Amino acid sequence: MNALEWRAVFALGALYALRMLGMFMVLPVFALYAGHLPVPAQPWQIGLAIGTYGLTQALLQIPMGMASDRFGRKPVIVAGMLVFAAGSWVAGATDEIGWIIAGRALQGAGAVSAAVAALLADVTRDAVRTMAMAILGAGMGLAFVLALVLGPLVAGWIGVDGIFRLTAVLALMSLPVLLLGVPTPPPQPPQRGSLRAVLADRQLLRLDVGIFLLHACMTAVFTVVPLAIVQTMDMPSAAHWKLYLPVLVLSLVPVFPLIRYAEGASRLKTVFVGMVALLAGALALAALGHGVAAVLVAALLLYFIAFNFLEGALPSMISRLAPVAQKGAALGVYSSAQFLGAFAGGVLGGLGLQYGGIGGALAAAVLLPIIWLAVAAGMGPVNASRPPAARADNGIRI
């Protein structure tokens, strides 16, 4: 990549990290926080509060992506970040679960993921776009890992309501990064008629289903795992980082060798399906043995090995397989599926917790990667990029 492309990747990665750090920090601590509100939240309300962000994201990713085609990427991203910051402040300014749910829904209305990915595609050449997307995905993964470690610590200092307000501040801090750090692409004619082609592409749809199920698993797991840690290990929320940090670091050790192995000799599909199977096995182990500390820790380690690989592989595969002329539509559908999965997982985890306890919620989560195995088994080759449609160069201008 050239200097301008590196600048765009790092600036957009910083924007993503600032936006998502606070969002992710809430995950390991929210269930405990909501259960100790002045009027304690019911389990289904906890799941709804965690998942509703994903629902509004899912509903608005495609419209916001289309708006970025018409009005420009940066104006739409700025508007979305302002809405996201407002929702974060609402959620942090109340101790009533109904208003927290409303704030989470408003956070999700700032649906800029598709527009950000489209902007990155606009300012990178075809030959380096997969690398750029992979680096952006790695930055998201780093923010996720850091947030799981920091969440319990920061909650101990400023409370979960403070995390919501901090999230609003971080979102506003991302705006100068966007406006000053990201190159502005030349105006492009609006893309039309591409959504139908994307929805008819079975290979892309299999990946969309995959990101839906992966993020459904994630939100379902973190609806109940903090409670399991408290019950099984007698570890208060503020100390959960002592478990998350070593587990997450150890989980990264095999991931990068696996990625290198998968990229060689067209093995990506084989390793990918294997990681989906590992995800199912980890959740099954957690469902059966969450009451035993060693089993719970082992299940979390296996879960994060699978999650970290899949979270990096999916956007890379989408960037390879999405035709250049339909990138906006493909990224919009992918992002909508991702956040709809977050909503579904929160609801599934909350209902499972309400009616089956921790074990029941984890058992319900096992169904998601089992479904994914059936979908992923029918994938075609994913190592090679599809040849892009003939088009003029969209050289970056600053």
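Residues numbered from 1 in each chain as written. Predicted model: local features only at pLDDT ≥ 70, side-chain atom pairs only at ≥ 80, totals over all residues. Heavy atoms only, no water.

> Break down the overall build of the protein chain for me, with residues and values.
A count of helical and extended segments in the protein chain gives 13 helices and zero strands. For the protein chain, the N- to C-terminal ordering of α and β elements is α-α-α-α-α-α-α-α-α-α-α-α-α. Residues counted as buried form 57% of the 398 residues belonging to the protein chain. Considering only residue pairs separated by 6 or more positions, the protein chain has 85% of its internal contacts joining residues 24 or more positions apart. For the protein chain, the exposed surface amounts to about 15,600 Å²; the carbon and sulfur share of it is 71%. (Helix = DSSP H or I, 4+ residues; strand = E, 2+ residues; numbered from the N terminus. Buried < 20%, exposed > 50% of the residue type's maximum accessible area, 1.4 Å probe, protein only. Contact = heavy atoms within 4.5 Å. Areas by Shrake-Rupley, 256 points an atom, 1.4 Å probe, with all protein chains shown as cover.)

> Break down empty space enclosed by the protein for me, citing the residues and quoting the values.
Under the definition given, this model contains three cavities of 30 Å³ or more. The space that makes up the largest cavity amounts to roughly 460 Å³. If you go around the largest cavity, you meet 28 residues; those closest to its centre are Y16, M140, H215, E311 and Q338. For the lining of the largest cavity, the secondary-structure elements that each account for two or more residues are α1 (3–26), α3 (43–71), α6 (113–122), α7 (126–181), α9 (202–233), α12 (293–321) and α13 (327–376). Here the lining of the largest cavity takes six residues from α13, the largest share from any one element. When its volume is computed, the second largest cavity comes out at roughly 60 Å³. V221, V225, A282, L283, A286, L296, A299, L300, Y303 and L362 together form the lining of the second largest cavity. If you list the elements that add at least two residues to the lining of the second largest cavity, you get α9, α11 (268–289) and α12. The residue makeup of the lining of the second largest cavity, split by class, is ten nonpolar, no polar and no charged. (1 Å grid on protein atoms, 1.4 Å probe; cavity = no way out; pocket = protein on both sides within 12 Å on 5 of 7 lines; lining within 4 Å. Points joined across faces, edges and corners; volume = space filled by probe spheres on them. Nonpolar A, V, L, I, M, F, W, Y, C, P; charged D, E, K, R; others polar.)

> Outline the side chain of Q338, supporting the account with residue identities and numerical values.
Positionally, Q338 belongs in helix α13. Once residues within four sequence positions are removed from consideration, Q338 is found in contact with I211 and H215.

> Got a sec to walk through a nonpolar patch on the surface? Specific residues and values, please.
A cluster of nonpolar side chains, namely W44, L351 and Y355, defines an oily patch on the protein surface of about 390 Å² accessible area. Turning to its location among the elements, Y355 is positioned in helix α13. (Patch = residues over 30% accessible without salt bridge, like charges linked within 9 Å, V, L, I, M, F, W, Y side chains within 5 Å. Salt bridge = Lys/Arg side-chain N within 4 Å of Asp/Glu carboxyl O.)

> Let's hear about the pattern of salt bridges: which residues, and what values?
In this structure the tally under the stated criterion is two salt bridges. Residue R73 pairs with D122 through a salt bridge whose shortest N-O separation is 2.7 Å. Here R73, found in helix α4 (residues 73–92), pairs with D122, found in helix α6; they are 49 residues apart in sequence, far enough to count as distant. The exposure class assigned to D122 is buried, which follows from its relative accessible area of 6%. Residue D161 pairs with R165 through a salt bridge whose shortest N-O separation is 3.6 Å.

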